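Summary of structural features
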Amino acid sequence: MERVKIPSLRQVVTVPEEGAPLEEALQALKEWDSEDTSYVRLLVDQDEPVAADAEDRARKAVEGKRCLFCHVQRKPRAVAPTCDTPFRVEDTEEFNRLRPIDIALHYYRKTTNSEMDPRLVKLMNEAIDSVTNHLS
């Protein structure tokens, strides 16, 4: 077996380099060099959740430019996430009693160290209800 190095045709750049709140990051993307041919990743650094339409807005910000938008990335928090309430399931009966939204809320809290936006909770509950009703 031979290892072959494949050169990257485009570099990936992060805009802004150190991250910024969504609106500032989008402004930096709008001001990005229109001749640059890189893949561009938008780095958002803010405590509140990133807006659901952030990727769409970022794509529109680079329309007419030679770069290609990759995705919106949220800057990792410097502090490791903690969760005050332990979440252990000892057996399948206990697991079956858990509501899917409780699992999702716990996971979100544990991984982001923040509470889930109430609008997202509402949407998740609607999706869960829809699936539950469909399966019934």
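Let me begin by describing the structure that accompanies this report. (Residues numbered from 1 in each chain as written. Predicted model: local features only at pLDDT ≥ 70, side-chain atom pairs only at ≥ 80, totals over all residues. Heavy atoms only, no water.)

So, the packing of helix H1 (residues 22-30) against helix H2 (residues 54-61)
Let me state the cut-off plainly: Lines are fitted to the C-alpha atoms to define the axes, a helix being fitted only along its stretch in contact, and any angle between axes, read from their N-to-C directions, falls within 0 to 180 degrees. Helix numbering and strand numbering both begin at the N terminus, where a helix is a DSSP run of H or I of at least 4 residues and a strand a DSSP run of E of at least 2. Working rule for angles: under 35 degrees goes down as roughly parallel, over 145 as roughly antiparallel, 65 to 115 as roughly perpendicular, anything else as oblique. Each crossing gets its handedness from the near helix: less than a right angle anticlockwise from the far helix is left-handed, clockwise is right-handed. Contact between two residues is taken to exist if any of their heavy atoms lie within 4.5 Å; hydrogens are not considered.
At their nearest, the axes of H1 and H2 sit 9 Å apart, and the two run at 25° to each other. As the angle between them shows, H1 and H2 are arranged roughly parallel. Two packed elements cross with a definite hand, and for H1 against H2 that hand is right-handed. Contacts between H1 and H2 pair Leu22, Glu23, Leu26, Leu29 and Lys30 from the former with Ala54, Arg57, Ala58 and Ala61 from the latter.

Side note on the nonpolar core
Heads up, the condition is: Nonpolar core, defined: a set of buried Ala, Val, Leu, Ile, Met, Phe, Trp, Tyr and Cys residues in which side-chain atoms within 4.5 Å join the residues together. Only protein chains enter the area calculation, which uses a 1.4 Å probe; residues under 20% of their type maximum are buried, those over 50% are exposed, and those in between are partly exposed.
If you look at the biggest cluster of nonpolar residues, it comprises 17 residues, and the most contacted ones within it are Leu22, Leu29, Val40, Leu42, Ala58, Phe69 and Val72. Those elements that place two or more of their residues in this core are strand S1 (12-20), H1, strand S2 (39-44), H2 and strand S3 (68-74). What phenylalanine 69 contacts, discounting residues up to four positions off in sequence, is Leu29, Val40, Leu42, Glu55, Ala58, Arg59 and Val62.

With respect to the pairing of S2
Defined as follows: The pairing criterion for strands is at least two bridges between them, as found by DSSP. Note on handedness: a crossover is taken as right-handed if, strands pointing away from the viewer, the path from the first strand over the helix to the second is clockwise.
Of the strand pairs in this sheet, S1 and S2 are connected by five bridges, and their pairing is parallel. Among the inter-strand pairings, valine 13 is bridged to a residue of S2, identified as valine 40. Bridge analysis of S2 against S3 gives five bridges, and the strand direction is parallel. Following the sheet pairing, leucine 42 is matched in S3 by valine 72. In terms of handedness, the path from S2 via H2 over to S3 forms a crossover that is right-handed.

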